[in-house]
Amino acid sequence: MSFPTILLWLLQGLGVTMAVTALSALVVFPFALVFGVLEYRLRGIPRFLVTVFIDFWRSSSVIILLFFFFYVGPAFDVFLSAYAVGALVIGCNIGAYGSQALRSALETIPAGQKEAGRALGLSRNRILFLIELPQALRKVIPIAGNEVIEIVKTSANVSLIGLADVTFKAKEAMQASHQPAEIYSALLGVYIAICLPMALAIHALVRRGQARRA
Amino acid sequence: MGFDTEYFWSLWPAIFQGSLMTLAAAAAGSVGAILVGIILALGRRSGRLSKIICAGFTEAIRLSPFLVQLYFLYYVLPVWGLTLDAVTVGILTLSIHFGAFLGEVFGAGIDAVPRGQVEAARALGLRNRQISFLIVLPQMLRFVAAPTANYMISLLKTTPYLAVVGVPEMLGVAFDKASDSFRYVEPLTAAGILFLVYSTIIGQAARYVERKIRPL
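Named according to an unreviewed UniProt entry, chain B is Amino acid ABC transporter permease originating from Rhodovarius crocodyli. A UniProt comment under Sequence similarities (unreviewed entry) is attached to chain B, and it reads "Belongs to the binding-protein-dependent transport system permease family. HisMQ subfamily."

Named according to an unreviewed UniProt entry, chain A is Amino acid ABC transporter permease originating from Rhodovarius crocodyli. Recorded under Sequence similarities (unreviewed entry), the UniProt text for chain A is reproduced unchanged: "Belongs to the binding-protein-dependent transport system permease family. HisMQ subfamily."

This is the structure in structure tokens:
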């Protein structure tokens, strides 16, 4: 196969890669938002339980969890599609990392902000949602961008549970014609071509933010 | 199908055996990653060409999936005349992948040592090598300890990928058992639990190191 043919072959899987990325992102951001805020806001035992839940998703290996949920569900009559398993596992794993970023952003907001809110007679929750959270969310925008890159890369795992994404297509191409150097170079190229523009955009955003602050 | 408790317990010796391979590969990968990280960090501060090559290499690694890099080395190295066994390829991939991330950490660590430290050492008449090893390196280690420990934990979590190319580490052993018995639940549960135990222990150890070696 010629190089363009290989590239076209791989790109047939682009739709699946994008779909898995989008579905995972639908899990990542709500997960990060809800659990990041909960871990910041709660105290005592409820907070401990939230931390344990987040740590479960952070401490496990994505590949083990992916196989676990894919094979273990059916044994207990829970039938999830490979898309659902992929989005759930990738989403909760990366979302757990995101929740930590949001929590630490909330923690770095100057205490004066909270005190000012209290002086104005706002309730604790109003201070959180009207004063602290908007500022924290601004701070985590670049991290959210990096998270999207992370999702794209992690989506390659779904090739192992039978979804025909670009990585799966590469294995298929290998069976059609044994040209590993061409096929896997093309595959690396596809991922870099997807992720590089995002990385550059984040970089530009961070730089603009720094320039504005200076 | 449910859960066969007896079968579950019978798997532990084999899974534990496999987990030793996981730990060994992760340890070897960590050493390799630190070496690659140092080379990249130094490469980015030498000549212009080496700077461009190191930066390009780092970005290419950071922007592509580990799984794809593993396949690449596993299938392409033999074409280039370098035939290595799966374990070696796996350790090599771990080293390169995490080395790219550590290179950035080490570079930032060197920059974080205040200029005045080097100037003061020079004023005291220390030689360049003494400045590097006695002044810059110890202070840099304090800065990089915490992020490096975090990458080591990620590296451990990435090690089960080596099963994909046939390394008999814990996930690989779990799959062997599963394909013998056609029961996936018990082997994957065992591997999952043991893995969680390891990563929790190592995570706590890292947190301890982080508290002990904090930047001054």
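Caption draft 1: Representation of the overall build of chain B within the structure. When you go through chain B residue by residue, the secondary structure sums to nine helices and zero strands. From first element to last, N terminus to C terminus, chain B shows the α and β order α-α-α-α-α-α-α-α-α. Going through the 216 residues of chain B one by one, you find that 40% of them count as buried. A fraction of 78% describes how many contacts in chain B between residues 6 or more apart in sequence connect residues 24 or more apart.

Caption draft 2: Just the overall build of chain A, in detail. For chain A, the helix and strand inventory stands at ten helices and zero strands. Overall, chain A shows an N-to-C arrangement of helices and strands of α-α-α-α-α-α-α-α-α-α. Dimensions of chain A, computed from C-alpha atoms along their principal axes, come out at roughly 70 × 50 × 20 Å. Counted over contacts in chain A with a minimum sequence separation of 6, partners at least 24 positions apart contribute 77%.

Caption draft 3: Quick peek at the UniProt feature "transmembrane region" (unreviewed entry) in chain A. UniProt records the feature "transmembrane region" (unreviewed entry) at residues 6-36, 48-72, 78-97 and 183-206 of chain A, using the numbering of this structure. Helix makes up 80% of residues 78-97 of chain A and strand makes up 0%, while its end C-alpha atoms are separated by 27 Å.

Caption draft 4: Examining the UniProt feature "domain: ABC transmembrane type-1" (unreviewed entry) in chain A more closely. Feature annotation in UniProt places "domain: ABC transmembrane type-1" (unreviewed entry) on residues 14-202 of chain A, given in this structure's numbering. In residues 14-202 of chain A, the share of helix is 83% and the share of strand is 0%. The end C-alpha atoms are 22 Å apart.

Caption draft 5: Here's a closer look at the interface of chain A and chain B. The partner chain B presents 29 residues to the 26 residues of chain A that form the contact. Mapped onto the side of chain A that touches chain B, the elements with two or more residues apiece are helix H4 (62-75), helix H8 (141-154) and helix H10 (180-213) of chain A. The dominant element in the side of chain A that touches chain B, judged by the number of residues it contributes, is H10(A), at ten residues. Residue composition of the side of chain A that touches chain B, grouped by class: 20 nonpolar, five polar and one charged.

Caption draft 6: Representation of the packing of helix H2 (residues 12-43) of chain B against helix H5 (residues 86-112) of chain B in the model. Residues and elements named next belong to chain B. Where H2 meets H5, the closest approach of the two axes is 5 Å, and the angle between their N-to-C directions is 45°. It follows that H2 is oblique to H5 by the angle criterion. Remark: the crossing between H2 and H5 carries right-handed chirality. Looking at side-chain class alone, the contact of H2 with H5 contains 18 nonpolar, eight polar and no charged residues.

Caption draft 7: The arrangement of the packing of helix H6 (residues 111-119) of chain A against helix H7 (residues 124-139) of chain A in detail. Residues and elements named next belong to chain A. Axis separation between H6 and H7 bottoms out at 10 Å; the angle between their running directions is 135°. Comparing the axis directions of H6 and H7 gives the class oblique. Relative to H7, the crossing made by H6 is right-handed. Of the residues in H7, those touching H6 at Gln113, Lys114, Gly117 and Arg118 are Ile127, Ile131 and Glu132. Of the residues in the contact of H6 with H7, the class split is two nonpolar, two polar and three charged.

Caption draft 8: The UniProt feature "transmembrane region" (unreviewed entry) in chain B, seen in detail. Sites flagged by UniProt as "transmembrane region" (unreviewed entry) map to residues 20-42, 63-83, 89-110, 131-153 and 188-209 of chain B. As a span, residues 63-83 of chain B carries 67% helix and 0% strand, and end to end its C-alpha atoms are 26 Å apart.

Caption draft 9: Expanded view of the environment of Tyr74(B). Residue and element names in this part refer to chain B. If you trace the backbone, tyrosine 74 turns up in helix H4 (residues 66-79). Once the C-alpha coordinates of tyrosine 74 and threonine 88 are considered, the two residues, 14 residues apart in sequence, prove to be 9.6 Å apart. Excluding residues within four positions of it along the chain, tyrosine 74 makes contact with Val89 and Val165.

Caption draft 10: Up close: the environment of Ala14(B). Residue and element names in this part refer to chain B. On the secondary structure map, alanine 14 appears in helix H2. Classification of alanine 14 as partly exposed rests on a count of 17 C-beta atoms within 10 Å. For alanine 14 and glycine 203, which are 189 residues apart along the polypeptide, the C-alpha to C-alpha distance reads 24 Å. In contact with alanine 14, other than residues within four places in its own chain, are Val173 and Lys177.

Caption draft 11: Highlighting the confidence of the model for chain B. Looking at chain B, pLDDT values average 91 and 98% of them are 70 or higher. Here the complex is predicted with pTM 0.91, and the ipTM for its interfaces comes to 0.91.

Rules of the game
- Residues numbered from 1 in each chain as written.
- Chains lettered and ligands numbered in written order.
- Predicted model: local features only at pLDDT ≥ 70, side-chain atom pairs only at ≥ 80, totals over all residues.
- UniProt positions renumbered as here; feature names shortened; annotations may be inferred.
- Helix = DSSP H or I, 4+ residues; strand = E, 2+ residues; numbered from the N terminus.
- Buried ≥ 20, exposed ≤ 12 C-beta atoms within 10 Å, placed from the backbone.
- Contact = placed C-beta atoms within 7 Å.
- Nonpolar A, V, L, I, M, F, W, Y, C, P; charged D, E, K, R; others polar.
- Axes fitted to C-alpha atoms, helices over the stretch in contact; angles between N-to-C directions.
- Parallel < 35°, antiparallel > 145°, perpendicular 65-115°, else oblique.
- Left-handed = near helix turned anticlockwise from the far one by under 90°.
- pLDDT = per-residue confidence, 0-100.

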